[in-house]
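Letter by letter, the chains look like this.
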Amino acid sequence: MTYTARDEWEKHFSDGRGFRKVGERERELLAEHTSAPESGGRALDVGCGTGELAAYLASLGYTVDACDFTDSALARAREEHADVEGVRWLHLDIERDDPAPLHEDGYDLITLRLVYPFVQDRGRVLHGLGERLRDGGALVVITPVAATTPEERRDIALDEDEIAMLAAGWETVERRDADGLAFLILRGPCHADTRAVEKRPTTAHALTGALAVVTDDAGRVLLGRSRRSMLELPGGKTCAPEGFAAAAIRKLAEETGLAADPADAYVVTMLVDDSHGIPRLTAVVRITAWTGTPTKAEADKFDRWEFFDLHALACVGPVFVPAALAIDSVWPGVIPDLPPVASYPLAADRPPVPGEPAEAVRLRQAMAQTVIDGGWAPSEPVRDALRTVPRHRFAPEVNLADAYDGGDRAVITRRDETGRAISSVSAAWLQADMLESLRLRPGAIVYEAGSGGYNAELIAHAADGRVVSVDIDPWVVRRTRAFLTEAGSGRVTAVEADAALGAPAHLVPRGGFDGSVITYNCWDISPPWRDQLAEGGRLVMPLEMGGYTRAIEFERRGEVLHARRFTYCGFVRDQGQQGRPAPVVPLLDGALALRFDDGLAADAQGLEEALRGRRHEVATGVTMRAANSYFGSLHLFAATTVPGFCRLAAHQESAEAVTGIAKDRDAPAILGEASLAYLIHVQNKDSDRREDKEWEWFAYAFGEQGPELAERLVATVHAWDRHIRAEANDEHADPVLSVHPAGTPDDALPAGDVLDKVNCRMVFRWPGRDVVLPGPVERPVTDAVAQGV
């Protein structure tokens, strides 16, 4: 009775047949080991059949989601248990369908009774169900065992090896007997970290082999659990004079029963490493189409074949080294901590490989709608790009919910040795906003600094054009090219180079790029970004000013860039030749630090002694509530208008007692001789209602010149309050900003506050700046850059 097709199960239940009734011992074990929480719990019964177990779980106090993929079973369940309250009957194939109907807050109990042996991708399904357990929850598998099942029915039972594999990824496993059935109680999913492992040593002088990388219609990769207790790709040694692609096809058929046409097999990478000191050459063969159903064709070598989600490959336990390296060559980053290998990607001209689960489609539409509802994607081309381009395929190491988060979440894809993020897929709303700012016409050619693949594909799709994407990190470029090959449109060219130098000359269109977008924080504006931009074209980039970042839309007019729009944002930092660490002066043994994001570090002599003295405090009278608490415009206003601006940062909790600045926060500041002042907001009204809470801006100061410095900051806050601030956070006034080449003489600049960078001179004209603020307080300046913290 091992059915494989849904229609067989439909007939089974429509004919009035069922399964073994839930026994008294099963009921006792469920009541004893998985009783519902006192406040009521939520349970999921997978493969509920006619609903007997689901009804019993409801009697224990659970609210139950009971799912099955057969209409006939669910029809009988609804009829036979019409008087049972608290059960929701769901038509759902737990292996293949979008799990959207399942409760988003998870479950206290998940049961699979007489179901698990019929599941094909057991590891993937169990992993996914474990992710849905609430803290302290249990997953119960009730199943026949092979030792007590007649031979002709062994396919509906589990042997001890399968039970051991099932239990391997859990903190605690309890096994009970329920009248001959194995009753397994699994708690605490602790998916084992993936390890690349070797087989036994070989006696050969050299090894050559081919591995087949195969994915299903949901984009999952096929792996076999071998008798060596590790996961492997289909493949093996070549038989001379057999080609690598032919060897992969042959081994795929021999090991899994799947058939592939040679025209659908592409040798994409050659890997060179060693096995116990023996040189090993492995061909990675990407198979883009196949037929058949995975079977255990070589039972002496493999226990079973399953399709695995890419995001789960970091926690599947032991994986054969060549298989792990081959997977990494197709999807760089999905398996961490791999051994070294020499990799030679081949320029195989192969088609993109389709495949995504229905859940990805649903989540992508929801993400797009969230961005649209937020007002970040007003144009139809950008909306269509958000709905169409498969974001998850450019971030395969995270689950679908994280990939398609519609809020502020960015997907971190690479960190440096200190753990700092150096590459990411930015928040969807910000990508849409910057894409809208490019104002592209159909067929546009766009320059992108900072690669990853997804953002470039969004641009190419929205503009129906082409993108040249440049990144300095070889790993990022390799990853981008791999993902573009798998899921791209063929309209993006990824280049390894310092993006600050612009695109290679042969890729720059005549007349310049129609638009350019920079996807990392920049302290300066590289001249090639302006020079390679067409007249009237838009440059959209995250620019740091006084340490505060805004995504700015610039329009090129001759040699001058004119700002048209500002967006509050944050990105990973520049790694190229324009990357600039801010000069820092540590204070109080590193508890505090002064950051000079623009200009040279100032002499802080005598400042530590001042910080040990009395703190001077001046109230500004300017308040804000939670509804209008955005004050980034004040910081930017101060950074670009106050001479000698810097930031006072707190790095230790002890700093808060001295300054009132919480650890890992900073405040706008200015210095005098052995004196400083800074701005801080202090809560002056508390309430149970968030919207009724209130804060007031204060200027705090230390040192003899502190009171004078504080008054200057108070005047700055008042000017901001009168001329810049708005009640609605998105309506604060922006400055008129123009960016001129470095070396432009003062008399050739427009009136305004000037902020000088290495490559350019930025002129800000804020509303109300005809009002004269107090002049700067004289302080000594050193031309030495202080040591960073």
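Below is a short write-up of the structure. (Residues numbered from 1 in each chain as written. Predicted model: local features only at pLDDT ≥ 70, side-chain atom pairs only at ≥ 80, totals over all residues. Heavy atoms only, no water.)

Re the overall build of the protein
Link 1 in the chain: The helix and strand inventory of the protein stands at 19 helices and 36 strands.
Link 2 in the chain: Each of the three principal axes of the protein carries a C-alpha extent, and together these read 95 × 70 × 50 Å.
Link 3 in the chain: A buried classification covers 55% of the 789 residues belonging to the protein.
Link 4 in the chain: When contacts within the protein are restricted to residue pairs at least 6 apart in sequence, those whose partners lie at least 24 apart make up 65%. (Helix = DSSP H or I, 4+ residues; strand = E, 2+ residues; numbered from the N terminus. Buried < 20%, exposed > 50% of the residue type's maximum accessible area, 1.4 Å probe, protein only. Contact = heavy atoms within 4.5 Å.)

Concerning the nonpolar core
Link 1 in the chain: Counting residues in hydrophobic clusters, the biggest one holds 76 residues, and the most contacted among them are V221, L233, L313, W331 and L386.
Link 2 in the chain: Discounting residues that sit within four places of it in the chain, W331 has contacts with V213, T215, V221, R286, L310, F483 and E486.
Link 3 in the chain: Of all hydrophobic cores here, the second largest spans 59 residues; its members include A500, M545, A563 and A626. (Core = buried A, V, L, I, M, F, W, Y, C linked by side-chain atoms within 4.5 Å.)

Concerning the sheet that holds strand β20 (residues 445-449)
Within a sheet, adjacent strands bond to each other through the backbone by hydrogen bonds, running parallel or antiparallel.
Link 1 in the chain: Here 10 strands make up an open sheet; going across it, the order is β22-β21-β20-β23-β24-β25-β26-β34-β36-β35 and the pairing mixed. The open sheet is flanked by β22 (492-496) and β35 (753-756), the only strands paired with a single partner. In this sheet, neighbouring strand axes are inclined to one another by 20 degrees on average, regardless of whether the strands run parallel or antiparallel.
Link 2 in the chain: Note that strand β26 (residues 560-568) and strand β34 (residues 736-741) share two bridges and pair antiparallel. Its bridge partner lying in β34, H562 is registered against S738. (Pairing = 2+ DSSP bridges. Axes fitted to C-alpha atoms, helices over the stretch in contact; angles between N-to-C directions.)

Some remarks on the pattern of salt bridges
Link 1 in the chain: Per the counting criterion, the structure on display carries 62 salt bridges.
Link 2 in the chain: A salt bridge links D121 to R124; its shortest N-O distance comes to 3.1 Å. The pair D121 / R124 is uniform in exposure class, with both members buried.
Link 3 in the chain: Its salt-bridge partner being R227, residue D161 comes within 3.5 Å of it at the nearest N-O pair. Taken together, the positions of D161 in helix α6 (residues 160-167) and R227 in the loop between β10 (221-226) and β11 (231-232) put the pair 66 residues apart, joining distant regions of the chain. (Salt bridge = Lys/Arg side-chain N within 4 Å of Asp/Glu carboxyl O.)

Remarks on the sheet that holds strand β28 (residues 592-595)
Link 1 in the chain: Pairing is antiparallel across the open sheet formed by seven strands, whose spatial order is β27-β28-β30-β31-β32-β33-β29. Unpaired on one side and paired on the other, β27 (584-587) and β29 (616-625) mark the two borders of the sheet. Within the sheet, the average angular offset between the axes of one strand and its neighbour, ignoring direction, is 30 degrees.
Link 2 in the chain: The strands touched by helix α17 (residues 632-641) within the sheet are β30 (645-650), β31 (666-672), β32 (675-685) and β33 (694-702), with β30 carrying the most contacts at an inclination of about 130 degrees.
Link 3 in the chain: Here helix α19 (residues 706-723) sits on the sheet in contact with β29, β31, β32 and β33, set at roughly 15 degrees to β29.

Examining the environment of P354
Link 1 in the chain: Of note, P354 is situated in the loop between β17 (342-345) and α9 (358-373).
Link 2 in the chain: Sequence separation between P354 and G219 is 135 residues, and the spatial gap between their C-alpha atoms is 7.2 Å.
Link 3 in the chain: Among residues more than four places away in sequence, those in contact with P354 are D216 and R393.

Focus on unusual backbone geometry
Link 1 in the chain: Its identity is not glycine, yet D464 carries a phi of approximately 50 degrees, on the positive side.
Link 2 in the chain: Position of D464 relative to the elements: it lies in the loop between α13 (454-463) and β21 (466-471).
Link 3 in the chain: Judged by its relative accessible area of 53%, D464 falls in the exposed class.

Thoughts on the packing of helix α1 (residues 6-14) against helix α4 (residues 71-80)
Link 1 in the chain: As a packed pair, α1 and α4 sit with axes 7 Å apart at the nearest point and diverge in direction by 30 degrees. By the angle class used here, α1 and α4 are roughly parallel. Residue-level inspection shows W9, E10, F13 and S14 of α1 in contact with α4, the latter providing D71, S72, A73 and R76.
Link 2 in the chain: Here the residues of the contact of α1 with α4 are counted per class, giving three nonpolar, two polar and three charged. (Parallel < 35°, antiparallel > 145°, perpendicular 65-115°, else oblique. Nonpolar A, V, L, I, M, F, W, Y, C, P; charged D, E, K, R; others polar.)

A few points about the side chain of E10
Link 1 in the chain: Positionally, E10 belongs in helix α1.
Link 2 in the chain: Within the buried core, E10 has no salt-bridge partner, and the shortest N-O distance to an opposite charge, that of R6, equals 6.0 Å.
Link 3 in the chain: Here the side chain of E10 touches S72 through a polar contact of 2.9 Å, side chain to side chain.
Link 4 in the chain: Not counting residues within four places of it along the chain, the set of residues in contact with E10 comprises F69, T70, D71 and S72. (Lys, Arg positive; Asp, Glu negative; His and termini not counted. Polar contact = N/O pair within 3.5 Å; in protein donor to acceptor, adjacent residues only side chain to side chain.)

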